[in-house]
Amino acid sequence: LLFSLTTAYAMSACLVGSEMCFRDRTVSAFCSACASTVLMWLLFFDRSERRATEYFTSRAERGMVAQTAYTYVPFVIVAGIVLTAVADELVLLHPLGHDGGHADAWTAGLVCGAAATYLVGNALFRRATGGRWSLPHVLGAVAVGVLFALHAWLSPLALNWVTDGVLLAVIVGDVVRARRVPTPPSAAPSDGPSGGPSDRAGAPTGAPPEAPSGTP
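Before going into details, it helps to say that this report is about the structure given with it. From a predicted model like this one, the values you see are computed outputs, not experimental measurements. (Residues numbered from 1 in each chain as written. Predicted model: local features only at pLDDT ≥ 70, side-chain atom pairs only at ≥ 80, totals over all residues. Heavy atoms only, no water.)

### Description of the packing of aromatic side chains
A full pass over the atoms with the stated rule returns one aromatic pair. On the basis of an interplanar angle of 50 degrees and a centroid distance of 5.1 Å, the ring pair of Phe44 and Phe125 is categorised as tilted. Here Phe125 lies in helix α4 (residues 105–128) and Phe44 lies in helix α2 (residues 24–57), a separation of 81 residues in the sequence. The two residues Phe44 and Phe125 agree in class, both being buried. (Phe/Tyr/Trp six-rings, centres within 6.5 Å; stacked < 30°, edge-to-face > 60°. Helix = DSSP H or I, 4+ residues; strand = E, 2+ residues; numbered from the N terminus. Buried < 20%, exposed > 50% of the residue type's maximum accessible area, 1.4 Å probe, protein only.)

Structure follows, in structure tokens:
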């Protein structure tokens, strides 16, 4: 489903772009829409889905995992994809906005809100599939929220490129963070009968020898 939606989103961006006159800012808006498609693909299918598959195959209660991770959470991710498609269409139609190069609150809310929704959805998906809360995803969602507060000084095209930069930073941060996670140490081998501690719980060491039976 996510693959189909992402592909349809990319095709819709291509169709909208092909119907417009290709001026410099329109080409830039089209490239920004294509870049967001690639980044969203990498965020889910390369970073999240691979780990989720490994976790899902190793669990005994797969029904509960599938119900949460593959039924409820994808609604948030799909909402992020749909909002991104609407936002990119608005940016393609009006790259510089309606009021002299500044983004209105509606367009800025779509651009920033779509990225934040998609990042939150990916973070929830990772959490539902056994991972920790992803710090890069949380910081990225906060960053696009701060970016919305600056929309009065930025054009829709600039907002789109900056949100793409935030998505790219989340991917890079996630890769770096994954490489810094130490490999868990292997379990120490159990001691054999030669001088090691006894495997029986509570067995005393150095116990005195038993007294001989009978009376002296």
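Right, picking up where we left off after that structure.
### Here's the deal with the environment of Pro74
Tracing the chain through its elements places Pro74 in helix α3 (residues 62–93). Given the relative accessible area of 15%, Pro74 is considered buried. Residues Pro74 and Phe125 lie 51 residues apart in sequence; the distance between their C-alpha atoms is 7.6 Å. Ignoring any residue separated from it by four or fewer positions in sequence, one finds Pro74 in contact with Thr68 and Ala69. (Contact = heavy atoms within 4.5 Å.)

### Some details on the environment of Val146
Relative to the assigned elements, Val146 resides in helix α5 (residues 135–149). Residue class for Val146 comes out partly exposed when judged on its relative accessible area of 49%. Placed 34 residues apart in sequence, Val146 and Cys112 show a C-alpha to C-alpha distance of 9.0 Å.

Distances and angles like these do not, on their own, reveal function.
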